[in-house]
Amino acid sequence: MTVYIPRQVGHVIDGLVAGTLHEEALLGELAWLVLAGVAIYFLRVAWRLQLFAASYRLGAQLRARLYARLCQQGPHFFQQKRTGDLMALATNDIDSVEMASGEAMLAGFDGTLTLILVVAMMTLGIDGRLAAAAPVTVSYYGVGVLAYLQPYSPSLQRIVGCVWQT
């Protein structure tokens, strides 16, 4: 449906310019566009609710595993570790993993699906040569973002060290 809306808007504009789309047909097309927009909204909300619910379950599972592991430790372990460090691990760190997993899955899946759909629609609906050029430009964009971020993030450099060395 996300790909349908811009294409349909193009058809409506073409019909208006050509004078073949009259008032009743225009209202019908606009109604379909509004319904598609509302459907996309509710599907995205449902998708995000499911995704972040899974992220929450991951956090709960990590907390349960951490608690089980801490219960197995002896007094010597608790004498060596500070209480604040253990509390931070149980709250802040797991919350960070929880948030990152939800956002990362959302960005990764949505980005991949959008790329596939856009390239497929370009191939089928517009021109195959344009679709073949799209991944090339996306790769230049990715390299540009990495080059821009290089001086600002030493931790990012460690994560993707192989990119920086080339």
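Up top you'll find the structure we're talking about.
Here goes a summary of the coordinates provided. Keep in mind that what you see is a predicted model, and the values were worked out from it rather than measured. (Residues numbered from 1 in each chain as written. Predicted model: local features only at pLDDT ≥ 70, side-chain atom pairs only at ≥ 80, totals over all residues. Heavy atoms only, no water.)

1. Structural notes on the environment of Leu86
Relative to the elements of secondary structure, Leu86 occurs in helix 4 (residues 83-126). In this structure the C-alpha to C-alpha distance between Leu86 and Leu66, which are 20 residues apart in sequence, comes to 9.8 Å. If near-sequence neighbours (up to four positions away) are discounted, Leu86 is found in contact with Leu70, Phe77, Phe78 and Lys81. (Helix = DSSP H or I, 4+ residues; strand = E, 2+ residues; numbered from the N terminus. Contact = heavy atoms within 4.5 Å.)

2. Considering the side chain of Gln8
With respect to the secondary-structure elements, Gln8 resides in helix 1 (residues 4-18). Judged by its relative accessible area of 14%, Gln8 falls in the buried class. Among the polar contacts listed, one links the side chain of Gln8 to the side chain of Glu29, at a separation of 2.4 Å. If we skip the residues at most four places from it in the chain, Gln8 touches Glu29 and Leu33. (Buried < 20%, exposed > 50% of the residue type's maximum accessible area, 1.4 Å probe, protein only. Polar contact = N/O pair within 3.5 Å; in protein donor to acceptor, adjacent residues only side chain to side chain.)

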